[in-house]
Amino acid sequence: MSPAAAHADPTFDTRSFAAPTEAAAMPSAPGTFVSLAPARVLDTRTNLGATGPVPAGGTAHVTVLGKGGVPTTGVSAVVINVTVTSPKSNGYVTVHPDGTTAPTASNLNFTAGQTIPNLVVVKVGANGKIALRNGSASTIHLLGDIAGYHLAGTPAAPGAFASLAPARVLDTRTNLGATGPVPAGGTAHVTVLGKGGVPTTGVSAVVINVTVTSPKSNGYVTVHPDGTTAPTASNLNFTAGQTIPNLVVVKVGANGKIALRNGSASTIHLLGDIAGYHLAGTEPTWTARSVPLPSGADPDSARLLVTDCPTTTACFGVGHYTGTGGVKNIFVSTRTSTTWTSKSIGTVSEEYVWMSELACASAAFCVAPVTVSGADYGSPDRHLSVVLSGEVWSIIPMVVSGDGGLECPAAGTCHAIGDRNGIGVFSTFSNGAWSEVTVPRPPDAVQGATGDFSDLSCWAALGCAIIGGYDGVDPQTTGMVITVSSGVKAARAVPTPSGAMYGHHPDAIACWAPIACAFTGAYVDSSSKEVVSVGAVTPGAVTASRAPMPDDDVPMPPGDSPSTHRLPDIDCLDTGECFAVGLYATGGDTKPLVEAFRGGTWSVVPTSSSSGWRGELSSLSCPTTGACTAIGNSSSLGIGAVIDPTAVATIEPLPVLPGTTPDSVRLWDVSCPSSETCVAIGFQNYWERDGVDPVILERRP
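### Side note on the nonpolar core
Nonpolar side chains in soluble globular proteins generally cluster together in the buried interior. Val-78, Leu-132, Leu-142, Val-206, Leu-260 and Leu-270 are the most contacted members of the largest nonpolar core, which has 62 residues in total. In this view, Leu-260 contacts Leu-170, Gly-186, Thr-187, Ala-188, Val-190, Val-210, Val-221, Thr-222, Val-223 and Leu-270; residues no more than four positions away in its chain are not counted. Membership of the second largest hydrophobic core comes to 20 residues, among which are Phe-316, Val-332, Leu-388 and Trp-393.

### A short note on the sheet that holds strand S40 (residues 578-585)
Taken in spatial order, the four strands line up as S39-S40-S41-S42 in an open sheet, and their pairing is antiparallel. Lying at the two open borders of the sheet, with one neighbouring strand each, are strand S39 (566-572) and strand S42 (601-604). Neighbouring strand axes in the sheet, compared pairwise and without regard to direction, differ in orientation by 25° on average. Here strand S41 (residues 590-598) runs beside S42; their pairing, made up of four bridges, is antiparallel. Looking at S42, one finds that Glu-595 is bridged to Val-604.

### Examining the side chain of Ser-401
Within the fold, Ser-401 resides in the loop between strand S26 (392-397) and strand S27 (405-410). Look past the residues within four positions of Ser-401 in its chain and what remains in contact with it is Thr-371, His-383, Ile-417, Gly-418 and Asp-419.

### A look at the side chain of Asp-226
Of note, Asp-226 is situated in the loop between strand S12 (219-225) and strand S13 (236-238). For the buried Asp-226, no salt bridge is present, and the opposite-charge side chain at shortest range is Lys-257, 5.2 Å distant. Separated by 2.7 Å, the side chains of Asp-226 and Asn-255 make a polar contact. In this view, Asp-226 contacts His-189, Gly-253, Ala-254, Asn-255, Lys-257, Ile-258 and Ala-259; residues no more than four positions away in its chain are not counted.

### Observations concerning the confidence of the model for the protein chain
Of the residues in the protein chain, 93% have a pLDDT of 70 or more, and the chain-wide mean is 88. Within the model, the stretch residues 1-25 combines pLDDT values under 50 with 56 contacts to residues more than four positions away or in other chains.

### Side note on the pattern of salt bridges
Pairing between side chains of opposite charge can happen when their charged atoms approach one another. Counted by the stated rule, this structure contains 16 salt bridges. For the salt bridge of Arg-420 with Glu-436, the shortest nitrogen-to-oxygen distance reads 2.8 Å. Here Arg-420 is found in strand S28 (residues 413-420), whereas its partner Glu-436 is found in strand S30 (residues 433-437), with 16 residues between them in sequence. The exposure class of Arg-420 is partly exposed, given its relative accessible area of 32%. Across the pair Arg-700 and Glu-698 runs a salt bridge whose closest N-O atoms are separated by 4.0 Å. Taking the relative accessible area as the measure of exposure, Arg-700 reaches 28% and is therefore partly exposed. Look at the salt bridges and you will find they share partners, linking Arg-40, Asp-43, Arg-45 and Asp-145 into a network.

Procedures and definitions
- Residues numbered from 1 in each chain as written.
- Predicted model: local features only at pLDDT ≥ 70, side-chain atom pairs only at ≥ 80, totals over all residues.
- Heavy atoms only, no water.
- Core = buried A, V, L, I, M, F, W, Y, C linked by side-chain atoms within 4.5 Å.
- Buried < 20%, exposed > 50% of the residue type's maximum accessible area, 1.4 Å probe, protein only.
- Contact = heavy atoms within 4.5 Å.
- Pairing = 2+ DSSP bridges.
- Helix = DSSP H or I, 4+ residues; strand = E, 2+ residues; numbered from the N terminus.
- Axes fitted to C-alpha atoms, helices over the stretch in contact; angles between N-to-C directions.
- Lys, Arg positive; Asp, Glu negative; His and termini not counted.
- Salt bridge = Lys/Arg side-chain N within 4 Å of Asp/Glu carboxyl O.
- Polar contact = N/O pair within 3.5 Å; in protein donor to acceptor, adjacent residues only side chain to side chain.
- pLDDT = per-residue confidence, 0-100.

And the structure:
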């Protein structure tokens, strides 16, 4: 390609450079959850799904099979958000399989005039319907939005869900399950194994609708495995006199019980209705292994910097080492099944090598941008990319840096962002070569000062979103989002959050559908404190606001040292649920920070661990469904966090190489092709010998 053509503005070319991407397999194991885009299947205000209003003591019979993306067969239970509105008196709603007698249980409790929702997991009746009974003395309207379903059959795989007809296992008003009322700061210890249809063994967690009633003061309820310390988390928040439910997924304690702690200054009553359970199995565990290095490699110089696992059996890591004669080598480590091997794929003459991303569209196509530079200050950078095509790795020149971010949405096609003299540049890899793509800036961008790019996310070969900052007519740095979708390019400013003094800059973005994205950033507020920002991108709007923060957050002024408030990585499930990880300050320490974006709303994800971990989470990976995994560092240890579908992050220390006692551990990157299988890479540091050991961490059942 000629230099002129290399810098032209080409149309995206989706012709394959390698084998086609492997198709994603649909879940098939009984009890597996299948997520769906939210779809309304019930609204009695418009007679959708059932005629309204629902009379006092009446029942709405709603067909769910074949509706909202739910198949017509092979479904055991649906996950549905149920909302009651316009009630004329106090009451409750019971959701159960149609064709069965309504149990003594409730999924929603309401007062006259209140509109209130709750998530429900309900077994589907033999006729393909569910029933919603109005347990009040007046009419109500009901709304129902499908979120997903569980596959029918006898669950056998660890983690699979078994649905049950609702069964009450706790009512402290009658001393069922626990003696009531629960005192201020007290805990109800409730046996769930062997109750309400739950087996006595083989259960990892239960799905239970918890209701608080008759509270004398404001407070919260924390539900956790019995025999463990109550985490800094809440499942229900209430005000004095309020009756309110919430669906809870909670791990069962070793004694077969769950614990419900009253986080208020007065007594409360608690009710619990079992909806199903998850099967136990072998818990995935982390193991550490040495990186096999090519012959002639100096171990203390070796670094694995990036990793990606396109399948549960195929994983790759790319890094560099100093070889014979002091020559810098770029190498790749490959895992097939359980075996890792490494080989050099080329040498560079420069002293310094850096890479920040590896993206694999399949096990036969991967790309990693590489920046190399000389030892002399001011020596120019050279931009390369490591490419796997079929079974052959090669090093290919890039037109500009790709260290800002990389996505490979299809085999043979990648998009990258970087900078040229501080200006953001977007480039595309197609037909075996890189070319620069011109993208617009917001209309008020100052000519010649068009800003930088921070991150990008692609939902298709022809669709990406770029996030960054630019200098506008307003002297403050302003955030921007650029979308490239099927040849249509658009740039929009990100609104500055209320209370920002200067320096609002988006940092990370993730998209789960065309122009449907969530992002994170940071700014300095009017009190000169560093603040985390969060936002969302839709075809019609870009929003940004101050991020919700944990109660013990202490805002800090910005400084020359690393940030104390940030969310540097974000990823999304196919359901549109997104998670972001980073850190926040509590005064003299920093703690891991996890935030969730669900239903258009950002919230803090509570963290649970055996000890209060300090440090940060820096890299995150979410498979298409299930749990997400993040890795980071705490003092001298590496730490990992599993963010489960209930949005609770469990933090644990990660192992070191057997027989070693490193002075510190630094983890760089993580990739998870499934919720139970992950690979993380980094190194262990030894101060006494001034050396390192590159390390691979694997998480497997």
